[in-house]
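This is what each chain is made of:
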Protein chains: 4
Amino acid sequence: MINPETARKVIAAAEKKAAEIGQPMNIAVVDAGAKLVAHVRMDGAWTGCIDISINKAFTLYALDIATKDLAQHSQSGGQFYGIHATNHGRIMVFAAGISVKEGGKVVGAIGVSGRSGVQDHEVAEAGAAAIH
Amino acid sequence: MINPETARKVIAAAEKKAAEIGQPMNIAVVDAGAKLVAHVRMDGAWTGCIDISINKAFTLYALDIATKDLAQHSQSGGQFYGIHATNHGRIMVFAAGISVKEGGKVVGAIGVSGRSGVQDHEVAEAGAAAIH
Amino acid sequence: MINPETARKVIAAAEKKAAEIGQPMNIAVVDAGAKLVAHVRMDGAWTGCIDISINKAFTLYALDIATKDLAQHSQSGGQFYGIHATNHGRIMVFAAGISVKEGGKVVGAIGVSGRSGVQDHEVAEAGAAAIH
Amino acid sequence: MINPETARKVIAAAEKKAAEIGQPMNIAVVDAGAKLVAHVRMDGAWTGCIDISINKAFTLYALDIATKDLAQHSQSGGQFYGIHATNHGRIMVFAAGISVKEGGKVVGAIGVSGRSGVQDHEVAEAGAAAIH
């Protein structure tokens with residue numbers, strides 16, 4: 001179960017990684033119902049990424065697929081092309097929305113948005129790793 | 001300036017009050033641009049209040065009036081009746097969205113949503129008081 | 001025809017009145033198609049009123065009724081109760097959205113949002129009067 | 001700080017350039033909170049570009065990247081493909097949303113929408129140059 005305590009651990013680990021990389025980020029954690037548990041916008045992070053971080057986490061749980069994998073199927077010509085416009089525009093089709101697991105079981109998701117897709121994904125993984 | 005550090009102090013104080021009251025709540029803090037800085041949903045708090053807490057904080061800053069005061073003018077027959085449907089449905093017309101001040105200057109806002117309006121407002125005030 | 005020149009005259013007259021009253025306001029002018037021609041947010045005016053001012057002007061033209069008159073029919077129990085939620089939430093049911101006329105013919109509308117309904121309406125009238 | 005006075009200077013310079021090019025345009029200026037300060041639709045400009053001009057300015061500030069650069073990363077196959085559907089559809093991924101600076105510091109943004117991307121961008125640059 002993702003509770004605020006767990007969410008904060010995940011966020012703290014993600015913030016630590018973002019600081020190492022030197023890029024301020026938005027970090028969001030949702031629970032098993034794809035509902036927001038906690039969010040933080042680091043100092044200097046872009047405001048346009050608030051929505052993106054929350055919805056990356058939402059996407060993972062809503063569709064049970066890492067957003068970076070969903071990206072492969074949703075480009076022009078792909079089998080899910082256009083899916084980003086569904087669910088009131090909340091489906092994100094670029095990295096970094098990934099699952100958060102406890103004891104091998106998916107209990108929620110983390111979404112990160114800040115700079116490049118590679119950096120965002122790395123930060124999301126650092127966050128998720130905090131409670132494995 | 002509201003930064004993540006300040007926002008967490010505000011949220012921690014609000015959580016403490018909510019725990020005293022014995023009601024789990026959603027607590028959100030926005031900065032001077034009405035943009036989310038941090039949010040937490042306490043264990044057991046309703047998911048429908050995520051949106052409400054964030055938008056209470058948004059409302060305070062967007063209109064510079066405590067949502068509980070706006071409530072008085074936006075009932076049926078009031079001069080601002082219907083205002084709750086503006087700004088893409090983000091204007092909240094019930095307690096508890098209030099300003100967060102530093103050195104007498106409004107630097108952001110806190111929005112709380114959990115149980116009764118009186119309880120929510122009390123928690124918002126406890127949060128805002130943390131950085132006065 | 002409302003063109004940018006006309007719209008600016010209307011806005012300038014409205015700004016003058018708002019300055020006299022001592023309340024900064026958002027002022028918007030739409031043309032005969034209910035489309036925005038020009039908008040200004042005066043220094044210190046609330047950002048939540050951007051949307052409201054534009055949509056007050058939209059409402060006047062979309063429904064051809066001053067928003068303050070529409071208010072009377074859209075309260076709880078009224079014949080148009082609920083209309084504020086139509087048109088994607090763009091229908092405003094409080095003062096001050098009024099028509100702009102040239103030679104007795106409606107050519108557009110002005111919407112004002114700042115403080116009280118009475119003050120907003122007064123500013124809207126001053127604006128509309130500029131090109132009568 | 002972008003105030004109405006500054007915004008008008010920016011818009012006037014942009015209009016002058018648009019007139020030289022011979023293409024009527026929508027021009028919008030937002031402040032540091034990505035909130036609209038002023039907008040004008042030149043005589044004959046397309047109404048569908050009202051929304052686009054405002055949101056180009058919004059995008060620049062929300063993500064701190066010129067919309068023409070964001071365009072490169074958000075095509076099919078790019079690392080940010082799909083980003084145009086985030087933030088409630090307000091992210092614009094084509095030229096011309098650019099920053100407005102005073103004394104080397106970004107204080108807001110201008111968004112222009114009228115004809116070709118090259119023309120729009122040229123007009124945006126003329127506007128931003130007005131207060132450098």
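These numbers were taken from a predicted model, which means no experiment stands behind them.

Even after reading the chapter, I still don't get the layout of surface pockets, so can you show me in this structure?
Rolled over the atoms, a probe as big as a water molecule pinpoints where empty space is left. Of the voids in this model, the second largest pocket is the one considered here, and its volume is about 1,200 Å³. Lining the second largest pocket are 44 residues, with Ala 32 and Gly 33 of chain B together with Asp 31, Ala 32 and Gly 33 of chain D positioned closest to its centre. Of all elements in the fold, only helix H2 (48–63) of chain B together with helix H2 (48–63) and strand E4 (105–113) of chain D reach the threshold of two or more residues within the lining of the second largest pocket. Broken down by element, the lining of the second largest pocket gets its largest block of residues, three residues, from E4 of chain D. Taken together, the residues that form the lining of the second largest pocket break down as 25 nonpolar, eight polar and eleven charged.

Can you help me understand the pairing of strand E3 (residues 97–102) of chain A in this one?
On any regular strand, side chains alternate: one points to one face of the sheet, the next to the other face. Across six bridges, the pairing between E3 of chain A and strand E4 (residues 105–113) of chain A is antiparallel. When the sheet's bridge partners are listed, Glu 102 of chain A is paired in E4 of chain A with Lys 105 of chain A.

I tried to follow the environment of Leu 60 of chain A on my own but got confused; where do I start?
All names here are of chain A. Its location among the elements puts Leu 60 in helix H2 (residues 48–63). Sequence-wise, Leu 60 and Gly 78 are 18 residues apart; in three dimensions their C-alpha atoms are separated by 19 Å. Ignoring sequence-local partners within four residues, the contact set of Leu 60 consists of Ile 65, Ala 66, Gly 97, Ile 98, Ser 99, Gly 108 and Ala 109.

Looking at this structure, I do not really get the relation of the copies chain C and chain B. What am I missing?
The two copies are related by a screw operation: chain C maps onto chain B through 94 degrees of rotation and 0.3 Å of translation along the axis, at an RMSD of 0.1 Å. Viewed as a symmetry operation, the transformation between the two copies matches a four-fold axis.

Can you help me understand the interface of chain C and chain B in this one?
Quoted interface sizes are often the accessible area lost when the parts come together. Opposite the 19 residues of chain C that make contact, chain B presents 18 residues. Both sides of the chain C and chain B interface together cover about 1,400 Å² of buried area, and 56% of this is carbon and sulfur. Considering only the side of chain C, the residues that lose the most area to chain B are Trp 46, Gln 75 and Phe 94 of chain C, jointly responsible for 36% of the buried surface there. The interface formed by chain C and chain B includes zero salt bridges. Along the contact surface separating chain C from chain B lie nine residue pairs in polar contact (both at pLDDT 80 or more). When residues of the side of chain C that touches chain B are traced back to their parent elements, those giving at least two are helix H2 (48–63) and helix H4 (117–129) of chain C. By residue number, the principal contributor to the side of chain C that touches chain B is H2 of chain C, which donates four residues.

What am I meant to see in the relation of the copies chain A and chain B here?
Note on the chain copies: they are related by a rotation about an axis and a translation along it. Note on the identical chains: chain A maps onto chain B by a rotation of 179 degrees and an axial translation of 0.0 Å, with an RMSD of 0.1 Å. Within this description, the copies of the chain are treated as partners about a two-fold rotation axis. When each C-alpha of chain A is compared by its distance to the rotation axis, His 39 of chain A comes out closest, at 2.6 Å. Of the residues that chain A buries at the interface, 95% are likewise interface residues in chain B, meaning the two copies contact each other through the same surface.

Would you take a moment to explain the nonpolar core for this structure?
Inside soluble globular proteins, nonpolar side chains tend to come together where they are buried. In this structure, Ile 27, Val 100 and Ile 110 of chain A together with Ile 27, Val 100 and Ile 110 of chain B are the most contacted members of the largest nonpolar core, which totals 50 residues. With residues up to four places along the chain from it excluded, the contact list for Ile 27 of chain B reads Ile 11, Ala 14, Glu 15, Ala 38, His 39, Val 40, Met 42, Ser 53, Ile 110, Gly 111 and Val 112 of chain B. The next biggest cluster of nonpolar side chains, apart from the first, holds 49 residues, and it includes Ala 7 and Val 40 of chain C together with Ala 95 and Ala 124 of chain D.

Cut-offs and rules
Residues numbered from 1 in each chain as written. Chains lettered and ligands numbered in written order. Predicted model: local features only at pLDDT ≥ 70, side-chain atom pairs only at ≥ 80, totals over all residues. Heavy atoms only, no water. 1 Å grid on protein atoms, 1.4 Å probe; cavity = no way out; pocket = protein on both sides within 12 Å on 5 of 7 lines; lining within 4 Å. Points joined across faces, edges and corners; volume = space filled by probe spheres on them. Helix = DSSP H or I, 4+ residues; strand = E, 2+ residues; numbered from the N terminus. Nonpolar A, V, L, I, M, F, W, Y, C, P; charged D, E, K, R; others polar. Pairing = 2+ DSSP bridges. Contact = heavy atoms within 4.5 Å. Least-squares fit on C-alpha atoms with pLDDT ≥ 70 in both. Buried area = accessible area lost by both parts, 1.4 Å probe. Salt bridge = Lys/Arg side-chain N within 4 Å of Asp/Glu carboxyl O. Polar contact = N/O pair within 3.5 Å; in protein donor to acceptor, adjacent residues only side chain to side chain. Core = buried A, V, L, I, M, F, W, Y, C linked by side-chain atoms within 4.5 Å. Buried < 20%, exposed > 50% of the residue type's maximum accessible area, 1.4 Å probe, protein only.

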